[in-house]
Amino acid sequence: MGKQYRVTLKKKEVTMLKEVVSDGKTSKARRYARALLLLDKGEFAEYRWSISRVSEAVGVSDRTLAHIKEKFLTIGMDAALGLERRARQSRPSKFGYSTEEALRKLAGSNPPVGHKKWTLRLLAGKAVECGIVDDISHMTVWRILNAKG
């Protein structure tokens, strides 16, 4: 069995959670705040419900409740309520600056005969044809052309 987490809320946290329940930003935040209040085992707890009873009342699985408790105790209240946005990890480009510049230059040139303008798929195909890259998707072309900087 995994690690057990016991929620013991402070008076200030109880007050904050009650505010979220009454006028929460999202229904998910309201539901999770209510779950934390029901899971509270501290001195300010109004209820002493079992996990299965809380699960049934709030409408989430026992496993979700375990995740809520874990996040609350390890990361914080915003994470437990689903209000904290996760930082997206960006990967460095697989293509170098010169490749990206060559692609931008190609996009600025005249489109092939029979086309009024460049499409992302045409650019991807032409970049491979011209030897700028070995292989590239049209979405990668879009990311490169829309990159800030």
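Cut-offs used in this document
- Residues numbered from 1 in each chain as written.
- Predicted model: local features only at pLDDT ≥ 70, side-chain atom pairs only at ≥ 80, totals over all residues.
- Heavy atoms only, no water.
- Axes fitted to C-alpha atoms, helices over the stretch in contact; angles between N-to-C directions.
- Helix = DSSP H or I, 4+ residues; strand = E, 2+ residues; numbered from the N terminus.
- Parallel < 35°, antiparallel > 145°, perpendicular 65-115°, else oblique.
- Contact = heavy atoms within 4.5 Å.
- Nonpolar A, V, L, I, M, F, W, Y, C, P; charged D, E, K, R; others polar.
- Salt bridge = Lys/Arg side-chain N within 4 Å of Asp/Glu carboxyl O.
- Buried < 20%, exposed > 50% of the residue type's maximum accessible area, 1.4 Å probe, protein only.
- Lys, Arg positive; Asp, Glu negative; His and termini not counted.
- Polar contact = N/O pair within 3.5 Å; in protein donor to acceptor, adjacent residues only side chain to side chain.

Draft legend 1. Molecular detail of the packing of helix 3 (residues 51-58) against helix 4 (residues 62-74). One way to put it is that helix 3 packs onto helix 4 with a least axis distance of 9 Å and a crossing angle of 100 degrees. In terms of their interaxial angle, helix 3 and helix 4 are classed as roughly perpendicular. Of the residues in helix 4, those in contact with I51, S52, V54 and S55 of helix 3 are D62, L65 and K69. Classifying every residue of the contact of helix 3 with helix 4 by side-chain character gives three nonpolar, two polar and two charged.

Draft legend 2. Examining the pattern of salt bridges more closely. Scanning the model with the defined rule gives three salt bridges in all. For E101, the salt bridge is made with R104, and the minimal N-O distance between the two is 3.1 Å. A residue pair is termed a helical-turn pair when its members lie 3 or 4 positions apart in one helix, as E101 and R104 do in helix 6 (residues 97-108) at three residues. Judged by its relative accessible area of 26%, R104 is partly exposed.

Draft legend 3. Representation of the side chain of K69. Positionally, K69 belongs in helix 4. Despite its burial, K69 pairs with no opposite charge; the closest candidate is D62, at 9.6 Å N-O. In this structure the side chain of K69 is engaged in a polar contact, spanning 3.1 Å, whose partner is the backbone oxygen of Y5. When near neighbours in sequence (up to four residues on either side) are disregarded, K69 contacts Y5, V7, L39 and I51.

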